Number of protein chains: 2
Amino acid sequence: MDLFLGIDGGGSKCKAIIVNQANEILGSGISGPANPLHGFNQATNSIIESTQLALKSACLDHISLSELTVGAGLAGVNLPSLFDQMNNWTHPFKHFFLAHDLCIANLGAHHSSQGAVIITGTGSCGFSSVGGDERLIGGHGFPQGDKASGAWFGLQACEQVLLSLDDLIPSSLMNKALLAQLSCESATDIVTVIAGKNATFYAQLANIVFDAAEQDDPIAINIIKDGVNYLALLAEKLLMDPEVRLSILGGLSTTLQPWLMASLSPALGQQIVQARSSPEFGAVLFARNTLASLTR
Amino acid sequence: MDLFLGIDGGGSKCKAIIVNQANEILGSGISGPANPLHGFNQATNSIIESTQLALKSACLDHISLSELTVGAGLAGVNLPSLFDQMNNWTHPFKHFFLAHDLCIANLGAHHSSQGAVIITGTGSCGFSSVGGDERLIGGHGFPQGDKASGAWFGLQACEQVLLSLDDLIPSSLMNKALLAQLSCESATDIVTVIAGKNATFYAQLANIVFDAAEQDDPIAINIIKDGVNYLALLAEKLLMDPEVRLSILGGLSTTLQPWLMASLSPALGQQIVQARSSPEFGAVLFARNTLASLTR
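Residues numbered from 1 in each chain as written. Chains lettered and ligands numbered in written order. Predicted model: local features only at pLDDT ≥ 70, side-chain atom pairs only at ≥ 80, totals over all residues. Heavy atoms only, no water.

Draft legend 1. Region of interest: the interface of chain B and chain A. On the side of chain A, 28 residues touch chain B, which itself brings 27 residues to the contact. For the pair chain B and chain A, the summed buried surface comes to about 2500 Å²; carbon and sulfur atoms form 67% of the total. The largest share of the area that chain B buries against chain A comes from H140, Q144 and L168 of chain B, three residues that together contribute 27% of it. Along the contact surface separating chain B from chain A lie two salt bridges. Our count for the contact surface shared by chain B and chain A stands at eight residue pairs in polar contact (both at pLDDT 80 or more). Elements supplying a minimum of two residues to the side of chain B that touches chain A: β8 (133–138), α4 (150–165), α6 (187–194) and α9 (218–238) of chain B. Here the side of chain B that touches chain A is built from residues that sort into 17 nonpolar, five polar and five charged. (Contact = heavy atoms within 4.5 Å. Buried area = accessible area lost by both parts, 1.4 Å probe. Salt bridge = Lys/Arg side-chain N within 4 Å of Asp/Glu carboxyl O. Polar contact = N/O pair within 3.5 Å; in protein donor to acceptor, adjacent residues only side chain to side chain. Helix = DSSP H or I, 4+ residues; strand = E, 2+ residues; numbered from the N terminus. Nonpolar A, V, L, I, M, F, W, Y, C, P; charged D, E, K, R; others polar.)

Draft legend 2. Spatial organisation of the relation of the copies chain B and chain A. With an RMSD of 0.0 Å, the operation that places chain B on chain A is a rotation of 180 degrees combined with a shift of 0.0 Å along the axis. Those values place the two copies in the arrangement expected of a two-fold rotation axis. The position closest to the rotation axis in chain B is occupied by the C-alpha of P143 of chain B, lying 3.6 Å away. When you check the interface residues of chain B against chain A, 100% turn up at the interface there too, and the contact is symmetric in its surfaces. (Least-squares fit on C-alpha atoms with pLDDT ≥ 70 in both.)

Draft legend 3. The pairing of strand β2 (residues 14–19) of chain A, seen in detail. Residue and element names in this part refer to chain A. The buried fraction of β2 amounts to five of the six residues, a majority that puts the element mostly inside the structure. Across six bridges, the pairing between strand β1 (residues 3–9) and β2 is antiparallel. Within the sheet, the bridge partner assigned to G9 lies in β2 and is C14. Counting the residues in the hairpin turn of β1 and β2 gives four residues. For β2 and strand β3 (residues 25–31), the ladder comprises six bridges, and the chain directions are antiparallel. Its bridge partner being in β3, C14 is matched across the sheet by S31. Hairpin geometry of β2 and β3 is characterised by an intervening segment of five residues between the two adjacent antiparallel strands and by a positive phi of about 65 degrees at N23. (Buried < 20%, exposed > 50% of the residue type's maximum accessible area, 1.4 Å probe, protein only. Pairing = 2+ DSSP bridges.)

Here it is as structure tokens:
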């Protein structure tokens, strides 16, 4: 029985699925962060843990890791040093094929290496693969990049609420919501809680912006428009070739897609399609393709 | 011989001066960061080190720390927990009188507790003391606050250069300057270098914005205008009482003051004055006043 494991490892969590030769998903598991930028050991531990959880959910606990052919798409490995570090891992699997998370997300979305994706979850970025040319836009990390990501929205909420609590800009529905979510009573409390926090922390505050925007809060709506303008720029760059199809992926995709569609021209809007499968399924396809090319 | 030590401790450095009974500055010293938010031990070590350097520069090495009456203005101690931690320090001095850095900066600038200051160095904030009412605006730290600070300008430079290298916005003179200053060749290199860096690191990049603006770079000029708009909001809040005088302090004050003056009404502009003395001299005045009130 040939078993394939697909890994989608990001800055917040690591997802694993077990797939059999017939492409049936037998089980899945989720563990902690797996972006090696934030630590090699954490990344490899998360991969092992999500794998074991996936095996368990498939009632395949008896299977040894050395029987698994793994395709892993990891955030961060577009940096050559991190790619090399992860690729040189003394892993416990039969095969460990590594790609960056966008590559496998694209493969999952389109079941072809041709296509484009915008991912907006904890981080954000755009990726296209057209005729052998790969293009990666954004994804520069928090706080200097990753506009329109969960972390970015959370940080914007904090910035605007702090300005408002200083009485420098009008009050927003986000003020009360942020104070409540952080169990704070003042700007000073907020600063104490958020000092030195990472992207994952800020991403958990993104909902404050979307909840307030739904109630027509103008400051929250401006934040979303600012973020979506950036996503529209990304989409325009990625969709220069009219044959290309683009899928919006990641934890904020459902929330942001209507906003993005509203800011794109109808022609570009028609190039946006639903993803066929998940990134972790794309990782399985990647493992399968790579193995086939090796044994050909 | 009564000796007073004035300390101005911020996120980047700690300045100490030794002053005699006649208010003559006998020596000075500079050491590392002294904001206890970033570590109690670092803050106390920096205070001791800058004191020893100040004693040395005054040829007063033979003086014991236990002979010094210290006034210390430290960033971060507006948070009550940090104030208590620093105030409970088993210090080696004769007296150790603690205040937040804005309070002593205001005292130094106006030789009176009445007045206002805007400080823009590594961080930024505004402070006023009018008729017993103290008001602190901003100073919420990096990256969520401290707009128009050195760290904020440095981060904006990185953000805009990364967008430009992704071809999402036009090219800027800052692109070449940032790549050169960080010894980088690509966006990927920049991200690798800046990942996880703190406010002090980003503040060292602020000059890239000002240098480009001097050569009429429109993206750099927009960054400065955005930051200065925030400082103007701060100034308007702090100058509501027409009797109040405001001084602009900190490493970026000389650079930003002309921009700020240009964006304030003439009436508010007349309330801006040069600082009479430095924050560390304000710390000496604070120590002197506190000692006098105790022995009265």
